[in-house]
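Listed below are the residues making up each chain.
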There are 2 protein chains.
Amino acid sequence: MSTTARSWSRRSLAALGLGLLLALTPALGPFDASVALAQTDPLPSWNDGKAKTAILDFVRRVTTQGGADYVPVEERVATFDNDGTLWSEQPMYVQVVFAVDRLKEMATANPALRDSQPFKAVVEGDRAALAALGEKGLLAIIAQTHSGMTVTEFEAIVRTWLATARHPRFNQPYTALVYQPMLELLDFLKANDFKTFIVSGGGIEFMRPWVPAAYGIPPERIVGSSGKTLFKLGADKPVIEKLAAVEFVDDGPGKPIGINRFIGRRPLFAAGNSDGDLEMLQWTTLDSGPRFGLIVHHTDAAREWAYDRASPVGRLDKALDEAPRRGWTVVDMKSDWKVVFPFDKK
Amino acid sequence: MSTTARSWSRRSLAALGLGLLLALTPALGPFDASVALAQTDPLPSWNDGKAKTAILDFVRRVTTQGGADYVPVEERVATFDNDGTLWSEQPMYVQVVFAVDRLKEMATANPALRDSQPFKAVVEGDRAALAALGEKGLLAIIAQTHSGMTVTEFEAIVRTWLATARHPRFNQPYTALVYQPMLELLDFLKANDFKTFIVSGGGIEFMRPWVPAAYGIPPERIVGSSGKTLFKLGADKPVIEKLAAVEFVDDGPGKPIGINRFIGRRPLFAAGNSDGDLEMLQWTTLDSGPRFGLIVHHTDAAREWAYDRASPVGRLDKALDEAPRRGWTVVDMKSDWKVVFPFDKK
């Protein structure tokens, strides 16, 4: 692993580790929102305001043939962060919840796992030990839970977990905690001939089992972090095995690198919610021609969560400072969104 | 670099090195083929025969709704090797010709390059020194010619080179040396709702400038080898720089790994022409349901080239042995193709 990759992964993993320690907030019932959806409005769950106007105006400009800002269809690429931008990342990243649940399940089948750290701490919920995990311990947990099976087996493991796991606050499947206004934005861009991509710090193979159904984005448009894999022919039954080694961390400066590697075009539009999206927003917007940078600012503790500069999960600090001078649109969840989740809709 | 990656790259680079040494064959005029193209035939440049029948039959089966072999549109993924499968790779890989030309140009601007090996050997065409290059020398040549610029600059360099470089035998731009029957196959699959991808040992960034126009395949559907890159913000002008280090070698066992990473679905259809495609063909076809493996066998010295087991470029040995028992369709270029290149058409 290069020094750079190690440093990104340390940052990501530190955030994951702190996420593990966050207390679960008390469960609340679904928010009872009264929403009037206009049939002709492509963004019915967005309140009228600067953010909605900016989005509508941008899409109109780049799709108006003959206009100064017209962009040919093949160049209309939009990239979206996932955790905190398209679905909730609180009280901890969903993939970390998955890793913890899976480790507990593995310890049931293999009790020896309870005998050594860092697994003992996770299985027993030992918060002091968890706090002392560090990068090495966290890497060991990811390696233990995300390797040692084929990619096909891992996909089935993720699907099975998602089918039964419930969010501690909303008592909903995690895939129900996607943001209704962002689903509308994805659909609106697609209807205007944008190709939409996920560009997430999360694992590609953790996302592929559910992203297509949740967002209408196919598997080949999911850019994310990945572990190394190995091809084995076996007895005429080829498999791809997941290894316990990091291949690529698609976070921070890794996002423009992943975009270049997987997509091969500079996006026209990028949406994120944390400092992990800063370089993607810079790469997308700091060029000539019409460009759009969007930041989802979590300002709504009643319907979702309110957090930014001090949050260990999804910290939004530098990117929030940079937004005004870059002309990025900061979405105020509380005032800009009529509803947050699809289950909020009447 | 892992041991495995190093071993693939050694194999690839050994082939490249031998390619460098091949004498250029004498130039011949375009082959004068009389071709009657039927309007209703989706593969007009294919002669009737086993290969054409197998392709037509396969596509009919997987697209017949209600049929036993019907495959939903979203699962119709087809992957194509590039060198020797979609365009000519003789007398040497086009990317190697590019590297040699570029090194000569760099030596004009920077004569000091002529003073040290391996650059001296390349610039002076010293065949004995070239023969002794080895992996290290070849890596140095690729590093010297494919790094030290931004990805945007590299794209312009490739475009400029392609605009003027001519193939030594056919005196045509390299992008004219694509195979007409394979263009028809790509179009036929696309018309039947397949997503077509390039999965090549060549460099992603060498392919992106010309693949979309040549094959109708967009940049995000090009899987290939890559070098490491670095994101730099600079003075509010972000760039992605190409570094002199290998990131991924998309050859041999790297092909199913690249397919899994970039595409995230197992292909239904794969086409290749060399042992570098063996694992892609295995991964594609050794599974349940309808599957299609295709090998372009270069059997036509008059119109293109005839080579297989003994060729340092595009060696086809193990995959040719394995084809019969796997049920892969081996295309005999000489008898199966009415024309080879688009410029052969009347």
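Residues numbered from 1 in each chain as written. Chains lettered and ligands numbered in written order. Predicted model: local features only at pLDDT ≥ 70, side-chain atom pairs only at ≥ 80, totals over all residues. Heavy atoms only, no water.

The name given to chain A in an unreviewed UniProt entry is Haloacid dehalogenase-like hydrolase, with the source organism recorded as Chelatococcus asaccharovorans.

Draft legend 1. Molecular detail of the packing of aromatic side chains. Counted according to the given criterion, the structure contains 39 aromatic pairs over all chains. Judged by centre distance (5.3 Å) and plane angle (50°), the ring pair of Tyr179 of chain A and Trp337 of chain A falls under tilted. Pair noted here: Tyr179 of chain A is in the loop between α7 (151-164) and α8 (180-191) and Trp337 of chain A is in the segment after α14 (333-336), with a separation of 158 residues, a long-range link. In this pair, the class of Tyr179 of chain A matches that of Trp337 of chain A, namely buried. Their ring planes at 45° and their centres at 5.2 Å tell us that Phe98 of chain B and Phe206 of chain B sit as a pair that is tilted. Of this pair, Phe98 of chain B sits in helix α3 (residues 94-109) while Phe206 of chain B is found in helix α9 (residues 204-207), placing the two residues 108 residues apart along the sequence. (Phe/Tyr/Trp six-rings, centres within 6.5 Å; stacked < 30°, edge-to-face > 60°. Helix = DSSP H or I, 4+ residues; strand = E, 2+ residues; numbered from the N terminus. Buried < 20%, exposed > 50% of the residue type's maximum accessible area, 1.4 Å probe, protein only.)

Draft legend 2. Quick peek at the packing of helix α3 (residues 94-109) of chain A against α7 of chain A. Residue and element names in this part refer to chain A. Packing of α3 against α7 brings their axes to within 11 Å, and their N-to-C directions diverge by 100°. Classified by the interaxial angle, the pair formed by α3 and α7 is roughly perpendicular. For the pair formed by α3 and α7, the contact residues are Val94, Val97, Phe98, Asp101 and Arg102 on the first element and Phe154, Ile157, Val158 and Trp161 on the second. Looking at the contact of α3 with α7 residue by residue, the classes come out as seven nonpolar, no polar and two charged. (Axes fitted to C-alpha atoms, helices over the stretch in contact; angles between N-to-C directions. Parallel < 35°, antiparallel > 145°, perpendicular 65-115°, else oblique. Contact = heavy atoms within 4.5 Å. Nonpolar A, V, L, I, M, F, W, Y, C, P; charged D, E, K, R; others polar.)

Draft legend 3. The arrangement of the relation of the copies chain B and chain A in detail. Placing chain B over chain A gives an RMSD of 0.0 Å and needs a rotation angle of 180°, together with 0.0 Å of translation along the axis. With respect to symmetry, the two chain copies, as superposed, fit the operation of a two-fold axis. Judged by C-alpha distance, Phe262 of chain B is the residue of chain B that lies nearest the rotation axis, at 3.4 Å. When the interface residues of chain B are mapped onto chain A, 100% of them again lie at the interface, so the same face is used by both copies. (Least-squares fit on C-alpha atoms with pLDDT ≥ 70 in both.)

Draft legend 4. Broad picture of the side chain of Arg326 of chain B. Considering the arrangement of structural elements, one finds Arg326 of chain B in helix α13 (residues 318-326). We classify Arg326 of chain B as buried; its relative accessible area is 14%. Of the polar contacts made by the side chain of Arg326 of chain B, one reaches the side chain of Asp236 of chain A; its length is 2.9 Å. Not counting chain neighbours up to four residues away, the residues in contact with Arg326 of chain B comprise Leu233 and Asp236 of chain A together with Gln282 and Leu286 of chain B. (Polar contact = N/O pair within 3.5 Å; in protein donor to acceptor, adjacent residues only side chain to side chain.)

Draft legend 5. The arrangement of the pairing of strand β1 (residues 77-80) of chain A in detail. All names here are of chain A. On β1, burial covers both faces: Val77 and Thr79 on one face and Ala78 and Phe80 on the other are all buried. Bridge analysis of β1 against strand β2 (residues 195-203) gives four bridges, and the strand direction is parallel. In the strand pairing of β2, Ala78 is matched with Thr196. Here three bridges tie β1 to strand β5 (residues 269-272), and the two strands are oriented parallel to one another. Bridge pairing in β5 places Phe80 opposite Ala271. (Pairing = 2+ DSSP bridges.)

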